[in-house]
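Each chain, written out:
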Amino acid sequence: MKQPVKILHIDSNHPVLWDRLVAAGFENYEDFKSSKEAVEAKIHEYHGIVIRSRFKIDKTFLDKATNLKFIARVGAGLESIDCDYAIEKGVHLIAAPEGNRNAVGEHTLGMLLSLLNKLNKADREVRSGHWNREANRGYELDGKTVGIIGYGNMGKSFAKKLRGFEVEVLCYDILDHVGDANARQVSLLELQKKADVLSLHTPWTPETDKMINTAFVEAFSKPFWFINTARGNSVVTTDLVTALIQGKVLGAGLDVLEYEKLSFENLFTDDKTPEALQYLLQAENVLLTPHIAGWTFESKEKLAQVIVDKIIACCNN
């Protein structure tokens, strides 16, 4: 008789994930509260683990997971996992960027339109009794060039959302031949020369860590609007603030910040507010959201569905 696959869930997710795994014959177990050390002490009992971002799956954890066949992260990125070591130990890695790409694309477009038209600023002023029409004159997206860095699931979704606008969409990616009918793939140099808008859709890797810095911004030929729905650690916030003050960046929509904890559930690692963040919090041309671009009611279920499909496919191979 074939041994049942035992899966440990250490984060809560949409119930469809649990229910579909049960229906497919998997044994589900949950532990949403124990410490990392407590989970490590029993992880050898399980063949799979389902996570979001509660703690890092590092070498110590993986060494104790002697029977682990797969790690499934209900999200797009895998930066909370020591991927190289997991692969070395024969652990299959599963993510679900297909599940929240539409949500990210919509959120990115919403942030951009709000920045261009000063919607949030105007809303705050009207609620305070101020009717400032000229001060809230906006810009049209029509005729502008939108540059997308990182043309995977998220970048492609945003480009698709732009099809209804009369814009030129350029994309840059470390992979060749990823451009499509929605975006023309160009060199980074050409993107920096032509873009009026920059939207970041890269994973957090050694190559993208602190990528958006003063030198990067100054390489752009024109002042531009900047949107980041990817990862906060890809941006040097102090350099971004300098660019905002100097007018090199016309406005910023930030769903992610470098000050987030690894779990993404809290903003600060301590009680002190960094000076650069203090500026962002009061700047009228900055729009902030709490890492929710992919966090819709629909994406919660889609992520679960994608994860289940991939777990079943993994275990059937």
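This text follows the structure it describes.
Model, not experiment: these values are computed from the prediction. Numbering of residues starts from 1 in each chain and follows the order in which that chain's sequence is written. In keeping with the predicted nature of the model, local features appear solely for residues at pLDDT of at least 70, side-chain atom pairs appear and are counted solely at 80 or more, and the whole-chain, interface and lining totals rest on all residues. The side-chain numbers reported here are obtained from all heavy atoms of the structure, hydrogens and water having been left aside.

Novice: Tell me about the environment of Ser187, and please be specific about residues and values.
Specialist: In this structure, Ser187 sits in the loop between β8 (184-185) and α8 (188-194). Any residue under 20% of the maximum accessible area for its type is buried, any over 50% is exposed, and the rest in between are partly exposed; the area is computed with a 1.4 Å probe on protein chains only. The class of Ser187 is partly exposed, set by a relative accessible area of 38%. Spatially, the C-alpha atom of Ser187 lies 9.3 Å from that of Leu170, the residues being 17 residues apart in sequence. Secondary structure is summarised from DSSP: a helix means a run of H or I of at least four residues, a strand means a run of E of at least two, and numbering begins at the N terminus for each.

Novice: Hey, could you go over the environment of His201 for me, with residue numbers and the actual values?
Specialist: With respect to the helices and strands, the residue His201 is situated in the loop between β9 (197-200) and α9 (214-218). Look at His201 and you get buried, because its relative accessible area is 8%. Once the C-alpha coordinates of His201 and Lys6 are considered, the two residues, 195 residues apart in sequence, prove to be 34 Å apart. The criterion used for residue contact is that any of the two residues' heavy atoms lie within 4.5 Å. Ignoring any residue separated from it by four or fewer positions in sequence, one finds His201 in contact with Val104, Thr108, Ile148, Ile149, Gly150, Met154, Gly155, Phe158, Thr229 and Ala230. Of the polar contacts made by the side chain of His201, one reaches the side chain of Ser199; its length is 2.7 Å. Here a polar contact is taken to be a pair of N or O atoms separated by no more than 3.5 Å, where protein atoms must pair a possible hydrogen donor with a possible acceptor and residues adjacent in sequence count only if both atoms sit in side chains.

Novice: Which residues make up the sheet that holds strand β1 (residues 6-9), and what are the values?
Specialist: In any sheet, the strands associate via hydrogen bonds between backbone groups, in a parallel or an antiparallel arrangement. The pairing criterion for strands is at least two bridges between them, as found by DSSP. The strand order β2-β1-β3-β4-β5 describes an open sheet built from five strands, whose pairing is parallel. With partners counted over all chains shown, the strands left at the sheet margins are β2 (27-30) and β5 (92-94), one partner each. In this sheet, adjacent strand axes meet at a mean angle of 20° when their direction is disregarded. In the sheet, β1 pairs with β2 via four bridges, with the strands oriented parallel. Its bridge partner lying in β2, Leu8 is registered against Tyr29. Angles run from 0 to 180 degrees between N-to-C directions of axes, and those axes are lines fitted to C-alpha atoms, restricted for helices to the stretch in contact. Sheet strands touched by helix α1 (residues 15-23): β1, β2 and β3 (48-51). Its angle to β2, the strand with the most contacts, is close to 145°. Where helix α12 (residues 297-316) meets the sheet, it contacts β1, β3, β4 (70-73) and β5, and its direction lies at approximately 170° from that of β4.

Novice: Please give an account of the pattern of salt bridges that cites residues and values.
Specialist: Salt-bridge detection follows one rule: a side-chain nitrogen of Lys or Arg within 4 Å of a carboxyl oxygen of Asp or Glu. Within this structure, the stated rule accounts for 16 salt bridges. Linking Asp180 and Lys156 is a salt bridge whose minimum nitrogen-to-oxygen distance equals 3.6 Å. Here Asp180 is found in the loop between β7 (168-172) and β8, whereas its partner Lys156 is found in helix α7 (residues 153-161), with 24 residues between them in sequence. With a closest N to O distance of 3.4 Å, Lys210 and Asp209 form a salt bridge. The class for Lys210 is partly exposed, based on a relative accessible area of 48%. Classification of Asp209 as partly exposed rests on a relative accessible area of 26%. One connected set of salt bridges, linked through shared partners, spans Glu168, Arg184, Glu190 and Lys194.

Novice: Explain the sheet that holds β9 to me, and be specific about the residues and the numbers.
Specialist: If you trace the seven strands from one edge of the open sheet to the other, you get β8-β7-β6-β9-β10-β11-β12, paired in parallel fashion. Every other strand in the sheet has two partners, leaving β8 and β12 (286-288) as the edge strands with one partner each. Where β9 lies against strand β10 (residues 224-228), four bridges are found, and the strand directions are parallel. Along β10, the bridge assignment pairs Leu200 with Asn228. The sheet strands contacting α7 are β6 (145-149), β7 and β9, and the helix crosses β6 at an angle near 165°.

Novice: Residues and numbers for the packing of aromatic side chains, please.
Specialist: For Phe, Tyr and Trp, rings pair up if their centres lie within 6.5 Å, where Trp contributes its six-membered ring, and each pair is then called stacked (planes under 30 degrees apart), edge-to-face (over 60) or tilted (otherwise). A complete count under the given rule lists five aromatic pairs for this structure. Where Phe216 meets Phe220, the ring centres are 5.7 Å apart and the plane angle is 55°; that geometry is what we call tilted. Here the two residues Phe216 and Phe220 agree in accessibility, since each one is buried. Three or more aromatic residues joined by ring pairs form one cluster here, namely Phe216, Phe220 and Phe224. Two thresholds decide whether a charge sits over a ring: the Lys NZ or Arg CZ must be within 6 Å of the ring centre and within 35 degrees of the ring normal. In this structure, Lys6 packs its charged tip against the face of Tyr46, placed 5.5 Å from the ring centre. Positioned above the aromatic ring of Tyr85, the side-chain terminus of Lys59 is 5.4 Å from the ring centre.

Novice: Before we move on, could you go through the nonpolar core and cite the residues and values that matter?
Specialist: Definition used in this section: a nonpolar core is a set of buried Ala, Val, Leu, Ile, Met, Phe, Trp, Tyr and Cys residues joined via side-chain atoms within 4.5 Å. Ranked by internal contacts, the top residues of the largest apolar core, which has 30 residues, are Leu198, Leu200, Ile212, Phe226, Leu240, Val249 and Leu280. Mapped by element, the contributors of at least two residues to this core are β9, α9, β10, α10 (237-246), β11 (249-254) and α11 (275-282). Here the element with the most residues in this core is α10; it accounts for four residues. For Ile212, the contacting residues outside a window of four places in its chain are Leu198, Leu200, Val217, Phe226, Ser234, Val235 and Val236.

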